[in-house]
Amino acid sequence: MVLRRTFRGGLRRAGGQGLAAVLLAAAVLASPALAVQPDEMLKQPALEARARALSAELRCMVCQNQSIDDSDAPLAKDLRILVRERLVAGDSDAQVKDFLVQRYGDFILLKPPLEWRTVILWTAPFALLLAGLAGALVAARRRQAAPSPLTDEEQRRLDEIVGRP
């Protein structure tokens, strides 16, 4: 049994409660913080769910690797409000996305569409992977190649250095 000194100077048995508290705190801190403020939320649950789903698909133009749903940037807040205004006005999800793509380009979408303009974006990871594999194969073949034998002059010079007759 392990005893731990408490704040008041007494001893108590150290159990799994401390570990559980640390794990709980780590889980809370590791979870994503959603930036949607209560004043932004819509009163209709169906519209709010659509707004949250759309916000999760749209990139914050300031943070760039976060959705507007996760970002605390003022522009992300403005975009969340804009999405909700468009939904309340009766726009479909596609119309909201089209509106934002017209305004900001395909970059606003976290998953841009596969088009002729975005082919490099979609194919670059695979091309880099293939180039890396090809480089690894070339390097492996070079390591396996047997060294060429020494010429007579190189062998004579080696024998002199080592001291062989």
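Residues numbered from 1 in each chain as written. Predicted model: local features only at pLDDT ≥ 70, side-chain atom pairs only at ≥ 80, totals over all residues. Heavy atoms only, no water.

The name recorded for the protein in an unreviewed UniProt entry is Cytochrome c-type biogenesis protein, from Labrys wisconsinensis. Regarding the protein, the UniProt comment filed under Sequence similarities (unreviewed entry) reads as follows: "Belongs to the CcmH/CycL/Ccl2/NrfF family." The protein has a UniProt comment under Function (unreviewed entry) that states "Possible subunit of a heme lyase." (UniProt positions renumbered as here; feature names shortened; annotations may be inferred.)

Asks: I tried to follow the packing of aromatic side chains on my own but got confused; where do I start?
Replies: Two aromatic rings, taken as a pair, are described by how far apart their centres are and by the angle between their planes. Scanning all chains against the criterion turns up 0 aromatic pairs. Lying over the aromatic face of F107, R59 brings its terminal NZ or CZ to 4.5 Å of the ring centre. The ring of F99 has R86 sitting right over it, with the charged end atom 3.9 Å from the ring centre. (Phe/Tyr/Trp six-rings, centres within 6.5 Å; stacked < 30°, edge-to-face > 60°. Lys NZ or Arg CZ within 6 Å of the ring centre and 35° of its normal.)

Asks: Help me out: how do you make sense of helix α3 (residues 74-88) in this one?
Replies: Along its 15 residues, α3 runs 21 Å from first to last C-alpha, staying within 8% of the 21 Å computed at 1.5 Å per residue. Looking at α3, one finds that the buried residues are A76, L79, R80, L82, V83, R84 and L87. At its buried positions, α3 is contacted by α2 (45-57) and α4 (93-104). Directly beyond the C-terminal end of α3, a positive phi value near 105° is found at G90. (Helix = DSSP H or I, 4+ residues; strand = E, 2+ residues; numbered from the N terminus. Expected span 1.5 Å × (residues − 1). Buried < 20%, exposed > 50% of the residue type's maximum accessible area, 1.4 Å probe, protein only. Contact = heavy atoms within 4.5 Å.)

Asks: I keep staring at the pattern of salt bridges and nothing clicks. Help me out?
Replies: Side chains that differ in charge, positive against negative, can pair when their charged atoms come close. Evaluation of the coordinates by the stated rule reveals 9 salt bridges. Residue E48 pairs with R52 through a salt bridge whose shortest N-O separation is 4.0 Å. In this pair, E48 and R52 both sit in helix α2, 4 residues apart, roughly one turn of the helix. Accessibility expressed as a relative area gives 10% for E48, which makes it buried. (Salt bridge = Lys/Arg side-chain N within 4 Å of Asp/Glu carboxyl O.)

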